[in-house]
Amino acid sequence: QVQLVESGGGLVQTGGSLRLSCAASGRTFSSYAMGWFRQAPGKEREFVAAISWSGGSTYYTHSVKGRFTISRDNAKNTVYLQMNSLKPEDTAVYYCAAERTWELLLSGRSDYWGQGTQVTVSS
């Protein structure tokens with residue numbers, strides 16, 4: 001079992017930055033690939049970024065490449081999402097997810113999800 005708790009969301013102006021954190025419980029955190037997803041009002045949940053168990057591989061959706069950076073600290077059981085140059089269209093509830101299988105993570109079929117943290121970007 002893995003429990004995930006996100007933090008770091010808030011209200012920021014266009015062009016600003018936020019860093020989201022996702023703290024995981026359990027001794028096997030380092031064996032899971034981790035991802036960030038988001039869901040805007042009235043829209044489906046979408047993939048944002050993912051990182052392999054070792055941190056050696058990362059993957060981003062096109063709209064955040066060059067602005068967002070995913071990273072992890074396995075000693076702290078935490079994954080991060082550094083978000084720079086934020087835009088109003090980044091406004092959403094952001095969720096982290098844990099999954100052993102890379103393909104399942106990217107497709108949103110993870111076993112474990114956090115409760116989400118709200119990010120609001122004002123224009």
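Computed from a predicted model, the values in this text were never measured in an experiment.

Asker: Sorry, what's going on with the pattern of salt bridges here?
Answerer: Oppositely charged side chains are able to pair whenever their charged atoms sit close together. Under the defined criterion, the tally for this structure stands at 3 salt bridges. Put simply, Arg38 and Asp90 hold a salt bridge, and the shortest N to O gap is 2.9 Å. Of this pair, Arg38 sits in strand β4 (residues 33–39) while Asp90 sits in the loop between β8 (78–83) and β9 (92–99), and the two are 52 residues apart along the sequence. Taking the shortest distance from any N to any O, the salt bridge between Asp90 and Arg67 comes out at 2.8 Å.

Asker: Any chance you could explain the state of the cysteines here in plain terms?
Answerer: In protein chemistry, a disulfide is the covalent bond that joins the sulfur atoms of two cysteines. Within this structure, the stated rule accounts for 1 disulfide. Two residues, Cys22 and Cys96, share a disulfide whose sulfurs are 2.0 Å apart. Measuring handedness by torsion sign, the sulfur bridge of Cys22 and Cys96 sits at about 45 degrees and is right-handed. Remark: Cys96 occurs in strand β9 and Cys22 occurs in strand β3 (residues 18–24); sequence separation between them is 74 residues. When sorted by exposure, Cys22 lands in the same class as Cys96, which is buried.

Asker: Got a minute to help me understand the sheet that holds β8 in this structure?
Answerer: What holds strands together in a sheet is hydrogen bonding between their backbones, with the strands either parallel or antiparallel. Strand order across the open sheet formed by 4 strands is β1-β3-β8-β7, with antiparallel pairing between neighbours. In the strand order of this sheet, the two ends are held by β1 (4–7) and β7 (68–73), each with one partner. Adjacent strand axes in the sheet meet at a mean angle of 15 degrees when their direction is disregarded. Both β1 and β3 contribute to a ladder of 4 bridges, which runs antiparallel. Within β3, the residue paired with Leu4 across the bridge is Ala24.

Asker: Looking at this structure, how should I read the environment of Arg38?
Answerer: Of the residues examined, Arg38 reaches a relative accessible area of 6% and is grouped as buried. Placed 17 residues apart in sequence, Arg38 and Ser21 show a C-alpha to C-alpha distance of 14 Å. Among all residues touching Arg38, those that are not within four sequence positions of it are Glu44, Arg45, Glu46, Val48, Ser63, Val64, Phe68, Glu89, Asp90, Ala92, Val93 and Tyr94. Within the local environment of Arg38, its side chain forms a polar contact with the side chain of Asp90, the two groups lying 2.9 Å apart. Polar contacts involving the side chain of Arg38 include one to the side chain of Tyr94, which spans 2.9 Å.

Quick notes on the rules
- Residues numbered from 1 in each chain as written.
- Predicted model: local features only at pLDDT ≥ 70, side-chain atom pairs only at ≥ 80, totals over all residues.
- Heavy atoms only, no water.
- Salt bridge = Lys/Arg side-chain N within 4 Å of Asp/Glu carboxyl O.
- Helix = DSSP H or I, 4+ residues; strand = E, 2+ residues; numbered from the N terminus.
- Disulfide = S-S within 2.5 Å.
- Buried < 20%, exposed > 50% of the residue type's maximum accessible area, 1.4 Å probe, protein only.
- Pairing = 2+ DSSP bridges.
- Axes fitted to C-alpha atoms, helices over the stretch in contact; angles between N-to-C directions.
- Contact = heavy atoms within 4.5 Å.
- Polar contact = N/O pair within 3.5 Å; in protein donor to acceptor, adjacent residues only side chain to side chain.

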